[in-house]
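For reference, the chains in residue letters:
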Amino acid sequence: MVYELKDVGVRINGKDILQSVSCTLQKGRWISVIGQAGAGKSTFAQVITGLTPFCTGEYTHNGQSLPGDRRGKRTAVPQAGYVFQFPEQQIFETTVYKELAFALKVKGAAPDKLDEAVKSVMGQLGLPESLLQQNPLQLSGGLKRLVAIASVLIAEPELLILDEPTAGLDPLSRIALLKKLQAWQREKRRTVLFISHQIEDVAEYSDEVMIFTQGRLLAHLEVNELFLRQSKLLEQAGLPLPEPVQLLRWMEAASGRSLEPASCREEDILRLVRPVWQSRGLHHGG
Ligand SMILES: Nc1ncnc2c1ncn2[C@@H]1O[C@H](COP(=O)(O)OP(=O)(O)OP(=O)(O)O)[C@@H](O)[C@H]1O
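Every chain is numbered on its own, with residues counted from 1 as its sequence reads. Where local features are concerned, this predicted model is filtered to residues with pLDDT of at least 70; where side-chain atom pairs are given and counted, the filter is 80 or more; whole-chain, interface and lining totals use all residues. Only heavy atoms go into the side-chain values, all of them from the structure, while hydrogens and water stay out.

If you check an unreviewed UniProt entry, the protein appears there as ATP-binding cassette domain-containing protein from Paenibacillus tritici. In its Subcellular location (unreviewed entry) section, the UniProt entry covering the protein states "Cell membrane". UniProt positions are given in the numbering used here, feature names are shortened, and annotations may be inferred rather than shown by experiment.

Structural data, given as structure tokens:
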């Protein structure tokens, strides 16, 4: 499954929201989308999922053209699932069971298959079955978010789009959710488009990163290439370095030698930084 945009632009009320965006989303990759507030990340994701029509350019899925829509009509994009930034934007059923079953029910799934699929997705996301008859809109913010994600995962989309899925979660819940999503993505070999303001999470989980600035795609590159070799692009987009990469830079400056981590993941950086830290008689955690 490959989703491809060529020179796509979005104009709303006479304002260019996205300009000349070209990219290819390859199967099985975790692709993060970063940029300052208002850079066009959500609009890009909504074009990819067909929720926002584009007015210039071309959009193809596995080489097949998806109707560009110059009259403002939405296009159904095959096998793309979108988790909205705010769960309230997508939850509408009166019980968690109905909310989760909805996507499969409209596809005509038999009741026993529905039960099985609902149990399976609840298990994947660690949701207790005691929630099934509760009103999803009356759950806590964190549980509401998990229900919104589960209601999209249940349809097993080829492309899962997550618009700031960890906003409002405490650190432990955030890590637990990302690890579950990563396990799902790897096990099923799905593509994830992950919009996030948490630069440490982007470094930790991505294969590739897309940087948006002022409605344009500034760069689309491999995660290590960005954080370890081309971090000036982050500065250009007004974004911070992840903390482990900052630590690496400080240690390089202090030791006067270049440290070469295997990746920009925290664990790989700490493995290199700790001995330098210790040799200087400094305390280190962990
Ligand atoms: N329907 C709309 N009508 C008018 N302007 C819009 C509309 N949708 C988005 N915009 C504008 O387009 C720009 C990009 O918005 P978008 O939500 O895509 O940015 P973003 O990078 O996702 O921001 P954030 O990180 O704050 O969610 C913003 O200036 C926004 O105000």
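(A) Broad picture of the site of the ligand. We call a residue near a given molecule or strand whenever any one of its heavy atoms falls within 4 Å of it. Taken together, 14 residues lie around the ligand, and Gly38, Lys41, Ser42, Thr43 and His197 are the ones closest in. Between Ala39 and the ligand, the recorded distance is 3.1 Å, taken from a backbone N or O atom to an oxygen atom. Burial of the ligand by the surrounding chains reaches 62%, relative to a free accessible area of 640 Å². In DSSP terms, a helix is any run of H or I states spanning at least four residues, a strand is any run of E spanning at least two, and both are numbered starting from the N terminus. Sorting elements by how many residues they give to the shell around the ligand places helix α1 (residues 41–48) first, with three residues. Think of it as three bins: nonpolar holds Ala, Val, Leu, Ile, Met, Phe, Trp, Tyr, Cys and Pro, charged holds Asp, Glu, Lys and Arg, and polar takes everything else, Gly as well. Residue classes in the shell around the ligand are distributed as four nonpolar, seven polar and three charged. Pairs of N or O atoms are called polar contacts if they sit within 3.5 Å, as long as, within protein, a hydrogen donor faces a hydrogen acceptor (for residues adjacent in sequence, only side-chain-to-side-chain pairs). Only the protein chains shown count as cover for residues, and the accessible areas themselves come from Shrake-Rupley with a 1.4 Å probe.

(B) Looking closely at the layout of surface pockets. Only protein atoms enter the 1 Å grid, on which a cavity is a set of points fitting a 1.4 Å probe that cannot get out and a pocket is an open set with protein on both sides within 12 Å along at least 5 of 7 lines, lining residues being those with an atom within 4 Å of a point. Grid points are joined across faces, edges and corners, and a volume is the space filled by probe spheres set on the points. By volume, the largest pocket is sized at about 690 Å³. Along the wall of the largest pocket there are 24 residues; nearest its centre are Ala80, Gly81, Tyr82, Ala103 and Val152. Only β6 (80–83), α2 (96–106) and α4 (141–153) provide two or more residues apiece to the lining of the largest pocket. Here the lining of the largest pocket is built from residues that sort into 13 nonpolar, seven polar and four charged. In this structure, the second largest pocket occupies an estimated 310 Å³ of space. Lining the second largest pocket are 15 residues, with Arg174, Glu200, Glu204, Pro244 and Glu266 sitting closest to its centre. Of all the elements in the fold, those that place two or more residues in the lining of the second largest pocket are α5 (171–188), α6 (199–205), α9 (243–255) and α10 (266–279). Ranked by residues supplied to the lining of the second largest pocket, first place goes to α6 with five residues.

(C) Molecular detail of α5. What a helix should span is 1.5 Å times the count of its residues minus one. Helix length check: α5, at 18 residues, gives a terminal C-alpha distance of 26 Å against a target of 26 Å (1.5 Å per residue), a fit within 8%. Within the sequence span of α5, burial applies to Arg174, Leu177, Leu178, Leu181, Gln182, Trp184 and Gln185. Projection of α5 onto a plane perpendicular to its axis shows the buried side chains occupying an angular sector of 160°, all on one side. Facing away from the buried surface of α5 by more than 90 degrees, the exposed residues are Leu172, Arg186 and Glu187. Residues of α5 that are buried make contact with β3 (30–34), α3 (111–124), α4, β7 (159–163), β8 (191–195) and α6. The residue sitting at the N-terminus of α5 and contributing the capping side-chain oxygen is Asp170; that oxygen lies 3.2 Å from the backbone nitrogen of Leu172. Directly after α5, the chain includes Arg189, whose backbone phi takes a positive value near 55°. Accessible area is worked out with a 1.4 Å probe on protein chains only. A residue is then buried under 20% of its type maximum, exposed over 50%, and partly exposed in between. Arc definition: it is the arc formed by the directions from the helix axis to the C-beta atoms. Working rule for contacts: check all heavy atoms of both residues, and any pair within 4.5 Å makes them a contact.

(D) View of the confidence of the model for the protein. Summary statistics for the protein give a mean pLDDT of 91 and a share of 95% for residues scoring 70 or more. The ipTM assigned to the predicted complex is 0.96, against a pTM of 0.92. As a per-residue measure, pLDDT reflects the predictor's confidence and takes values from 0 up to 100.

(E) Layout of α2. Taken as a whole, α2 has its buried residues at Val96, Glu99, Leu100, Ala101, Ala103 and Leu104. Taken together, the buried residues of α2 touch α3 and α4. Just past α2, the residue Gly108 takes up positive phi, approximately 85°.

(F) Fine view of the environment of Gly57. By the secondary structure assignment, Gly57 is in strand β4 (residues 56–61). Residue classification places Gly57 among the partly exposed residues on the basis of a relative accessible area of 30%. Through-space distance from the C-alpha of Gly57 to that of Val8 is 4.1 Å; in sequence the pair is 49 residues apart.

(G) Representation of the pairing of strand β9 (residues 208–213) within the structure. Most of β9 is tucked away, with five of its six residues classed as buried. Note: β3 against β9, four bridges, orientation parallel. Within the sheet, the bridge partner assigned to Val33 lies in β9 and is Met210. Note that β9 and strand β10 (residues 216–222) share six bridges and pair antiparallel. The partner of Glu208 across the bridge, within β10, is Glu222. Paired strands, as defined in this entry, are two strands with at least two bridges between them according to DSSP. A loop of two residues connects β9 with β10, the two strands running antiparallel in sequence, and Gln214 in this loop sits at a positive phi of about 45°.

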